[in-house]
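Residue strings, one per chain:
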Amino acid sequence: MREAAHPGRNAAYPAQEPSPEAARNPSVPCPTPGTAWPEEPQTSTREPVIQEPVTSEAAETEPEATRRAAGVTESARANRGWWDRNADEYQIEHGTFLGDDRFVWCPEGLDEVEAELLGPTEELKGKDVLEIGAGAAQCARWLAGQGARPVALDLSHRQLQHALRIGGSFPLVCADAAVLPFADGSFDLACSAYGALPFVADPRLVLREVRRVLRPGGRFVFSVTHPLRWAFPDEPGPEGLSVSASYFDRTPYVEQDEEGVAVYVEHHRTLGDRVRDVVTSGFRLVDLVEPEWPDWNTSEWGGWSPLRGHLIPGTAIFVCERD
């Protein structure tokens, strides 16, 4: 189910690890959005270049896929490592679909240009926006193009190196979404397109942090794999149309190495769980969008395909506001 992972792209600042002080005290700004950032020296290279996947005996060893418990720390450690190792391959495979400066919410291809889930495009100018699970930060690049002041955050340093390679003029921050290194009330908007929330053991930790860094009236929009998909095999063909598991089984999907150490973790929440997570974390649910598969989209993305997309939902997008 790793293809549930996000689009991502953009920026010209080095990826920044939060300081130990910021990690302990989320009120420490890192730095405050909307303020001037130091100029970076210009270079003539766009390193790091995307590299073809390295083949080795270790790389050829397939991890074991299983369903078992996986806590907050184990999930974060596994997914940071997985994305650092697989960022190059991900960008090679999906970079064309995602583009360098598009804001695509999901494999169905729903674009923020048409959807305006963050609000009218003309009202984004001057807004401080946090993108969570940004990958290579292409959503943040699109936001910058509309006059917003985005900050792109991701757990994976290697994903943010691809954002740096592509270029841009806004900050990149390498940090855990459950411990955001920003002061209270730093942002007007926050967004996450398949970033962070599918991969954390307790999504309420992320939601509460996002609420903390939003200003009153701020909006948070996030997309995740539609919970219904967990009852079906993660296959794009006819074999992916028959129920094979309980929708109510919340046991995490885990890939682990030969020693049983998790190298990738994804967590399941039912639709009701997601709604309760949003509400109990202090948000008001404004809308729940289930994008239909458009006729123009003939591509496959992991378990997403025209065949399945025309029959069962693949993505759920939650539009939330802080009162």
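Structural data are supplied above this passage.
All figures in this text were calculated on a predicted structure; none of them were measured in a lab.

Engineer: Even after reading the chapter, I still don't get the sheet that holds strand β3 (residues 149–154), so can you show me in this structure?
Structural biologist: Whether parallel or antiparallel, the strands of a sheet pair through hydrogen bonds between backbone atoms. Read from one edge to the other, the open sheet built from seven strands follows the order β4-β3-β2-β5-β6-β10-β9, with strand pairing classed as mixed. Every interior strand has two partners, whereas the edge strands, β4 (172–174) and β9 (283–289), have only one. Put simply, the sheet's adjacent strands are angled 20° from each other on average, direction ignored. By the bridge criterion, three bridges tie strand β2 (residues 128–132) to strand β5 (residues 187–193) in an arrangement that is parallel. If you follow glutamate 131 over to β5, its bridge partner there is cysteine 191.

Engineer: Even after reading the chapter, I still don't get the pairing of β2, so can you show me in this structure?
Structural biologist: In terms of burial, β2 is a largely internal element, five of the five residues being buried. Of the two faces of β2, the one lined by Asp128, Leu130 and Ile132 and the one lined by Val129 and Glu131 are each fully buried. With five bridges connecting them, β2 and β3 associate as parallel partners. Paired with glutamate 131 across the bridge in β3 is alanine 152. With respect to chirality, the unit in which β2 leads through helix α5 (residues 138–145) into the neighbouring parallel β3 is right-handed.

Engineer: Any chance you could explain the sheet that holds strand β7 (residues 253–256) here in plain terms?
Structural biologist: If you walk across this open sheet you meet the three strands as β1-β7-β8, and the pairing is antiparallel. The sheet is open, and its two borders are formed by β1 (64–67) and β8 (262–266), each paired with just one other strand. Pairs of neighbouring strands in the sheet enclose a mean axial angle of 20°, with direction left out of account. As paired strands, β1 and β7 are joined by four bridges and run antiparallel to one another. Paired with alanine 65 across the bridge in β7 is glutamate 255. On the sheet, helix α3 (residues 72–98) packs against β7 and β8 and is oriented at approximately 105° with respect to β8.

Engineer: I'm lost on the packing of aromatic side chains in this one. Help?
Structural biologist: Think of a pair of aromatic rings as described by two things: how far the centres are apart, and how the planes are tilted against each other in angle. Inspection of the entire model under this criterion finds 16 aromatic pairs. With a centroid separation of 6.2 Å and an interplanar angle of 75°, the aromatic rings of tyrosine 253 and tyrosine 264 are classed as edge-to-face. Highlighted residues: tyrosine 253 in strand β7 and tyrosine 264 in strand β8, separated in sequence by 11 residues. Given the relative accessible area of 14%, tyrosine 253 is considered buried. Its relative accessible area of 0% is what places tyrosine 264 among the buried residues. Above the ring of phenylalanine 97, the side-chain terminus of arginine 102 is found at 6.0 Å from the ring centroid.

What counts and what doesn't
- Residues numbered from 1 in each chain as written.
- Predicted model: local features only at pLDDT ≥ 70, side-chain atom pairs only at ≥ 80, totals over all residues.
- Heavy atoms only, no water.
- Pairing = 2+ DSSP bridges.
- Helix = DSSP H or I, 4+ residues; strand = E, 2+ residues; numbered from the N terminus.
- Axes fitted to C-alpha atoms, helices over the stretch in contact; angles between N-to-C directions.
- Buried < 20%, exposed > 50% of the residue type's maximum accessible area, 1.4 Å probe, protein only.
- Right-handed = clockwise from strand over helix to strand, strands pointing away.
- Contact = heavy atoms within 4.5 Å.
- Phe/Tyr/Trp six-rings, centres within 6.5 Å; stacked < 30°, edge-to-face > 60°.
- Lys NZ or Arg CZ within 6 Å of the ring centre and 35° of its normal.

In short, shape yes, function no, at least from these values alone.
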